[in-house]
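So the chains spell out like this:
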Amino acid sequence: MSIREIFELQQIDLLIDKANAEIKQIDQKLADNAVISVAKAVLAKQQKALDVLNAQRKDLDLQLDNLNKKIDETKKQMYGGKVTSSKELSSMEKNTGLLEEQKKQIETQQLAVMEQVDKQQKATNDASQSLQDKESARGTDVTAYKDRIQQLNDELKVLKADRQAEAGEVDTTHLALYESLRKRRAGAVVSKVERGLCTGCRLNVPARDVSRARGTDVVYCSSCGRILFVT
Ligand SMILES: [Zn+2]
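How each quantity is defined
- Residues numbered from 1 in each chain as written.
- Predicted model: local features only at pLDDT ≥ 70, side-chain atom pairs only at ≥ 80, totals over all residues.
- Helix = DSSP H or I, 4+ residues; strand = E, 2+ residues; numbered from the N terminus.
- Rg over C-alpha atoms; globule rule 2.2 N^0.38 Å.
- Core = buried A, V, L, I, M, F, W, Y, C linked by C-beta atoms within 7 Å.
- Buried ≥ 20, exposed ≤ 12 C-beta atoms within 10 Å, placed from the backbone.
- Contact = placed C-beta atoms within 7 Å.
- Axes fitted to C-alpha atoms, helices over the stretch in contact; angles between N-to-C directions.
- Parallel < 35°, antiparallel > 145°, perpendicular 65-115°, else oblique.
- Left-handed = near helix turned anticlockwise from the far one by under 90°.
- Nonpolar A, V, L, I, M, F, W, Y, C, P; charged D, E, K, R; others polar.

Caption draft 1: Representation of the overall build of the protein chain. The number of helices and strands found in the protein chain is 5 helices and 3 strands. For the protein chain, the succession of helices and strands along the chain, N to C, is α-α-α-α-β-β-α-β. For 231 residues, the compact-globule estimate of 2.2 N^0.38 gives 17 Å, and the protein chain exceeds it by more than 25% at 41 Å. The principal-axis extents of the C-alpha atoms in the protein chain amount to approximately 130 × 35 × 25 Å.

Caption draft 2: Examining the nonpolar core more closely. Among the nonpolar cores identified, the biggest contains 18 residues, and Ile3, Ile6, Val190, Val193, Ile227, Leu228 and Phe229 are the most heavily contacted of them. For this core, the secondary structure elements donating two or more residues are α1 (3–31), β1 (190–194) and β3 (227–230). Considering every element that reaches this core, the biggest residue donor is α1, with 4 residues. With near-sequence residues (within four places) excluded, Ile3 lies in contact with Val190, Ile227 and Phe229.

Caption draft 3: Inspection of the packing of helix α2 (residues 34–79) against helix α3 (residues 86–167) at higher detail. Here α2 crosses α3 at 160°, and the two axes come no closer than 7 Å. Looking at the two axes, α2 sits roughly antiparallel to α3. The chirality of how α2 crosses α3 is left-handed. Taken together, the residues of the contact of α2 with α3 break down into 23 nonpolar, 18 polar and 10 charged.

Here it is, written out as structure tokens:
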């Protein structure tokens, strides 16, 4: 019985870890809807600004209607023949002049607000389009993420079957040691020795340890503590 079996088992476990890590990463991406939330918030803000401007426009329309009514009424009175006092007529004329002046001011405001409404309508449409684009891109991403998860789960099924077969090859003492080491540290717990170096920490392994590791002894790297595997 040698360290080779636990090394082989570890290679499978590392692939399982990698697949699980990728699934976790994709799950986070699936849960992260920030881009859409931001685009929705931007659209809501633009829509609100548009609503405010539309309300202003409506208010100006009403003011203008009222002024027109007042002007019409005054003119009717002036030219209706009922008012004959020249003093009263001149006061009404003056009043009409003031109303016409107010009307001009409101019409100027109206033009400015309508221009703002146009601009704001465009900004709102842009925000709406941007949200749609982002939702569509997100839909494509989500499909790709789900496909990848499916693929990884299929790979995991195979890897887990391989693992079970491989674990059956490993001596129970070595298996228990390996499992307990894996619980304590992430990644590799068995490290291959290549050209006198521990591949786990890239440090030199004393020749004495290399030759001991060739046997059945469990030898640990004096630098990183991983089990040394010599081919
Ligand atoms: Zn090492």
